[in-house]
Amino acid sequence: QVQLVASGGGLVQVGGSLRLSCAASGRTFSSYLMGWFRQAPGKEREFVAAISVEASTRYADAVKGRFTISRENAKNMVYLQMNSLKPEDTAVYYCAASKIPGPTSRIQEYDYWGQGTQVTVSS
């Protein structure tokens, strides 16, 4: 089992940057696919980015070229570097872990979820 704690959210102006962090418990972190999702008010939770055990990555079209997901297995950490932020990036961001190997975007394939961290981009 994996427990996840997301942090790093905050208020930033349009065009600014933030780095989200997700700390994972458990000795088998390196065997999990990790993902980031987000949920804006009144909208469904949506896929943002994922990184596989082999560090293959996948991104939603809306964030390609602006966001970068990475992982540091020795520290049980996964990160989401967010650059050139837009107002439409405002949401609660969640990290998640999956037992499947590939960098999937399917929310139902993630088994464990963190509590979320708020990102607000002001115009």
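Above: the structure in question.
In this text the structure is predicted, and so the values were computed from the model without any measurement.

(A) Inspection of the packing of aromatic side chains at higher detail. Counting across every chain of the model gives five aromatic pairs. Seen in terms of ring centroids, Y32 and Y112 are 6.0 Å apart; in terms of plane orientation they differ by 75°. Their pairing is edge-to-face. Placement of Y32 in the loop between β3 (18-24) and β4 (33-39) and of Y112 in strand β10 (residues 112-113) is noted, with a sequence separation of 80 residues between them. You'll find Y32 and Y112 in the same group, each marked buried. Centre to centre, the rings of F37 and W113 are 5.0 Å apart; their planes meet at 55°, and the pair counts as tilted. Linking F37 in strand β4 with W113 in strand β10, this pair joins segments that are 76 residues apart in sequence. Taking the relative accessible area as the measure of exposure, F37 reaches 1% and is therefore buried.

(B) Layout of the sheet that holds strand β1 (residues 4-7). Taken together, four strands build an open sheet; the order of strands is β1-β3-β8-β7 and the sheet is antiparallel. Of all strands in the sheet, those with a lone pairing partner are β1 and β7 (67-72), marking the two edges. Each adjacent strand pair in this sheet contributes to an overall mean axis angle of 15°, direction not counted. Pairing of β7 with strand β8 (residues 77-82), which is carried by six bridges, proceeds in the antiparallel orientation. Opposite I69, over in β8, you have L80 as the bridge partner.

(C) Region of the structure containing the nonpolar core. Within the largest apolar cluster, 38 residues are counted, with the highest numbers of intra-cluster contacts made by L4, M34, W36, L80, M82 and Y93. Sorting the residues of this core by element identifies β1, β3, β4, β5 (46-51), β7, β8, β9 (91-98) and β11 (117-122) as the ones contributing at least two each. Contacts of M82, omitting those with residues within four sequence positions, involve G16, S17, L18, L20, R66, F67, Y93 and V119.

(D) A look at the state of the cysteines. Summed over all chains, the structure comprises one disulfide. There is a disulfide in this structure between C22 and C95, and the S-S distance comes to 2.1 Å. With the S-S dihedral at roughly 60°, the linkage between C22 and C95 falls on the right-handed side. Here C95 lies in strand β9 and C22 lies in strand β3, a separation of 73 residues in the sequence. Residue C22 is classed as buried on the basis of its relative accessible area, which comes to 0%. For C95, a relative accessible area of 0% gives the class buried.

(E) Inspection of the pairing of β11 at higher detail. Every second residue of β11 is oriented toward a common face, the buried set being T117, V119 and V121 and the non-buried set Q118, T120 and S122. Strand direction decides the pairing type here: strand β2 (residues 10-13) and β11, joined by four bridges, are parallel. Bridge assignment links G10 to a residue of β11, and that residue is V119. Here β9 runs beside β11; their pairing, made up of three bridges, is antiparallel. Bridge assignment links V92 to a residue of β11, and that residue is Q118.

Conventions used here
Position numbers for residues start from 1 in each chain and track the written sequence from start to end. Local features are withheld for residues below a pLDDT of 70 in this predicted model, meaning they are given only at 70 or higher, and side-chain atom pairs are given and counted only at 80 or more; totals for whole chains, interfaces and linings count all residues. To obtain the side-chain values, all non-hydrogen atoms of the structure were used and water was disregarded. Side-chain rings of Phe, Tyr and Trp, where Trp is taken by its six-membered ring, are said to pair if the distance between their centres is within 6.5 Å; with planes under 30 degrees apart they count as stacked, over 60 as edge-to-face, and otherwise as tilted. Only runs of H or I of at least four residues qualify as helices and only runs of E of at least two qualify as strands under DSSP, and these elements are numbered from the N terminus. Working definition: with a 1.4 Å probe on protein chains only, accessible area under 20% of the residue-type maximum means buried, over 50% means exposed, and in between means partly exposed. Strands pair, by our definition, only if DSSP identifies at least two bridges between them. Helix axes use the C-alpha atoms of the stretch in contact, all axes being lines fitted to C-alpha atoms, and the angles between their N-to-C directions lie in the range 0 to 180 degrees. Working definition of a nonpolar core: buried Ala, Val, Leu, Ile, Met, Phe, Trp, Tyr and Cys residues. They are joined through side-chain atoms within 4.5 Å. Should any heavy atoms of two residues lie within 4.5 Å, those residues are counted as being in contact. Put simply, a disulfide is two cysteine sulfurs that come within 2.5 Å.

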